[in-house]
Amino acid sequence: DGGITQSPKYLFRKEGQNVTLSCEQNLNHDAMYWYRQDPGQGLRLIYYSQIVNDFQKGDIAEGYSVSREKKESFPLTVTSAQKNPTAFYLCASSMGGTPQETQYFGPGTRLLVL
Amino acid sequence: AQKVTQAQTEISVVEKEDVTLDCVYETRDTTYYLFWYKQPPSGELVFLIRRNSFDEQNEISGRYSWNFQKSTSSFNFTITASQVVDSAVYFCALSEGWGYGGATNKLIFGTGTLLAVQP
């Protein structure tokens, strides 16, 4: 069954703590993305990667970091520098990184601050 | 500048009614792509349709239909004979460019329309 998995479904962060959200895909897609969704708002791009070992900042990258060591994995770390991390985080992937490619999304991780 | 506007924040209909969700976009590019996604209460975004800027034909898929009009920069989505299972947030999104010269697959999303279908 091909798809995108995200874990955990819910994540709690204490003040000053770094947390890592997992995203894995078995669709053999080259490009992967991280979006943040706040209540009543659309999705905003945090980071994206068009190929292994390469990634670029999106519109709201401050306080976040990523790595792309394997084609199927694109973990997102929410650092202590992100002052308002409470949000719904969605990972996506597409066959290629060009504008005509459709992005497919995972089930999301809800991050809450204790 | 790229922008997607979904002016309808919430729509409530009774089952079997037809409903249209509006999407207006802004772009300076002549090549662009428009998308609709459905987000049910579970949270995952489900892809519904992609349309490129050179194809203005309307599309129908079962109870779903899409009306793309470049003259008004709109890409509206109609659900015919709505059902309770259609209740969700619907997002319209835009990406630009050919994919050359560094153009990337950056999706610009509207703020979404919450559709509630009452039984």
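Within each chain, residues carry numbers counting from 1 in the order of the written sequence. A letter from A marks each chain and a number from 1 marks each ligand, given out in the order of writing. Predicted model: local features are reported for residues with pLDDT of at least 70 only, side-chain atom pairs are reported and counted for 80 or more only, and whole-chain, interface and lining totals are derived from all residues. Excluding hydrogens and water, the side-chain figures rest on all heavy atoms present in the structure.

Student: Help me out: how do you make sense of the environment of A:Arg110 in this one?
Tutor: Residue and element names in this part refer to chain A. Topologically, Arg110 is positioned in strand S11 (residues 109-113). Exposure is judged per residue with a 1.4 Å probe applied to protein chains only, and the accessible area is read against the type maximum: over 50% gives exposed, under 20% gives buried, and values in between give partly exposed. Overall, Arg110 belongs to the partly exposed group, its relative accessible area being 34%. In what follows, residue pairs with any heavy atoms lying within 4.5 Å of each other are defined as contacts. If we skip the residues at most four places from it in the chain, Arg110 touches Lys9, Tyr10, Leu11, Ala87 and Phe88. Strands here mean DSSP runs of E at least two residues long; helices mean DSSP runs of H or I at least four residues long; both are numbered from the N terminus.

Student: I'm lost on the packing of aromatic side chains in this one. Help?
Tutor: The geometry of two aromatic rings is summed up by the distance between their centres and the angle between their planes. Each Phe, Tyr or Trp ring (for Trp, its six-membered ring) is paired with any other whose centre lies within 6.5 Å, and the angle between the two planes then decides the class: stacked below 30 degrees, edge-to-face above 60, tilted in between. With the rule as written, the count across this model stands at 20 aromatic pairs over all chains. Consider the rings of A:Tyr47 and A:Phe55, whose centres lie 6.0 Å apart with planes at 80 degrees: the pair is edge-to-face. Under the relative-accessibility criterion, A:Phe55 is labelled partly exposed at 35%. Judged by centre distance (6.1 Å) and plane angle (85 degrees), the ring pair of B:Phe91 and B:Phe109 falls under edge-to-face. Here B:Phe109 lies in strand S11 (residues 108-109) and B:Phe91 lies in strand S10 (residues 88-96), a separation of 18 residues in the sequence. Each residue in the set A:Tyr33, A:Tyr35, A:Tyr104, A:Phe105, B:Phe35, B:Tyr37, B:Phe47, B:Phe91 and B:Phe109 is aromatic and connected to the rest through ring pairs, giving one cluster. Whether a charge sits over a ring comes down to the Lys NZ or Arg CZ being within 6 Å of the ring centre and within 35 degrees of the ring normal. Directly above the ring of A:Phe74 sits A:Arg68, whose terminal nitrogen or CZ lies 6.0 Å from the centroid. The ring of A:Phe88 carries the charged tip of A:Arg110 above its face, separated from the ring centre by 4.3 Å.

Student: Explain the pattern of salt bridges to me, please; I cannot follow it from the model alone.
Tutor: Any two side chains of opposite charge can pair, on the condition that their charged atoms come close. Residue and element names in this part refer to chain A. The term salt bridge refers to a pairing of a side-chain nitrogen on Lys or Arg with a carboxyl oxygen on Asp or Glu at a separation within 4 Å. According to the stated counting rule, one finds seven salt bridges over all chains in the structure shown. As a salt-bridge pair, Asp30 and Lys71 come within 3.4 Å of each other at their nearest N and O atoms. With Asp30 in the loop between strand S3 (19-25) and strand S4 (31-37) and Lys71 in the loop between strand S7 (64-66) and strand S8 (76-78), the pair connects residues that are 41 residues apart, well separated along the chain. Judged by relative accessible area, which is 26%, Lys71 ranks as partly exposed. Across the pair Asp38 and Arg44 runs a salt bridge whose closest N-O atoms are separated by 2.7 Å. On the accessibility criterion, Asp38 (9% relative accessible area) is buried. Residues participating in the shared-partner salt-bridge network are Arg36, Asp38 and Arg44.

Student: What should I look at first to understand the state of the cysteines in this one?
Tutor: Two cysteines form a disulfide when their sulfur atoms are joined by a covalent bond. Residues and elements named next belong to chain B. Any two cysteine sulfur atoms lying within 2.5 Å of each other are counted as a disulfide. All chains considered together, the criterion is met by two disulfides over all chains. The disulfide that involves Cys23 links it to Cys92, with 2.0 Å between the sulfurs. Handedness here is read from the sign of the S-S torsion; for Cys23 and Cys92, about -65 degrees, the answer is left-handed. Here the residue Cys23 occupies a position in the loop between strand S3 (19-21) and strand S4 (24-26), and Cys92 occupies one in strand S10, the gap between them amounting to 69 residues. By the burial criterion, Cys23 is buried, and Cys92 matches it.

Student: What exactly am I supposed to notice about the side chain of B:Ser95 here?
Tutor: Looking at the element boundaries, B:Ser95 is found in strand S10. For the purposes of these results, a polar contact is taken to be a pair of N or O atoms within 3.5 Å, where, inside protein, one atom must be able to donate a hydrogen and its partner to accept one; residues adjacent in sequence count only when each atom of the pair is a side-chain atom. A distance of 2.7 Å separates the side chain of B:Ser95 from the backbone oxygen of A:Pro99, its partner in a polar contact. Leaving out residues up to four positions away in the same chain, B:Ser95 has contacts with A:Pro99, B:Tyr32, B:Tyr33, B:Phe35, B:Asn105, B:Lys106 and B:Leu107.

Student: I'm lost on the environment of A:Asp38 in this one. Help?
Tutor: Tracing the chain through its elements places A:Asp38 in the loop between S4 and strand S5 (43-51). Linking A:Asp38 and A:Ala92, residues 54 residues apart in sequence, is a C-alpha distance of 17 Å.

Student: For this particular structure, what's the right way to read the interface of chain B and chain A?
Tutor: When the parts of a complex come together, some accessible area is lost, and that lost area is often used as the size of the interface. Counting from both sides, the interface comprises 24 residues of chain B and, opposite them, 26 residues of chain A. Throughout, buried area stands for the accessible area (probe radius 1.4 Å) lost by two parts on being put together, summed over both. Of the roughly 1,900 Å² buried where chain B meets chain A, counting both sides, 54% is carbon and sulfur surface. Where chain B touches chain A, the interface holds one salt bridge. Ionic pairing is found between B:Lys106 and A:Asp59, a salt bridge with its closest N-O pair at 2.7 Å. Top contributing element to the side of chain B that touches chain A by residue count: strand S5 (residues 32-39) of chain B, with four residues. Residues were grouped as follows: Ala, Val, Leu, Ile, Met, Phe, Trp, Tyr, Cys and Pro as nonpolar; Asp, Glu, Lys and Arg as charged; and all remaining residues, including Gly, as polar. Classifying every residue of the side of chain B that touches chain A by side-chain character gives 10 nonpolar, 10 polar and four charged.

Student: Explanation requested: the side chain of A:Gln6 in the structure shown.
Tutor: Residues and elements named next belong to chain A. Assignment of secondary structure puts Gln6 in strand S1 (residues 4-7). A relative accessible area of 9% means that Gln6 is categorised as buried. Among the polar contacts listed, one links the side chain of Gln6 to the backbone oxygen of Tyr89, at a separation of 3.1 Å. A polar contact of 3.0 Å, which involves the side chain of Gln6, links it to the backbone nitrogen of Cys91. The residues contacting Gln6, other than those within four sequence positions of it, are Ser22, Trp34, Tyr89, Leu90, Cys91, Gly106, Pro107, Gly108 and Thr109.

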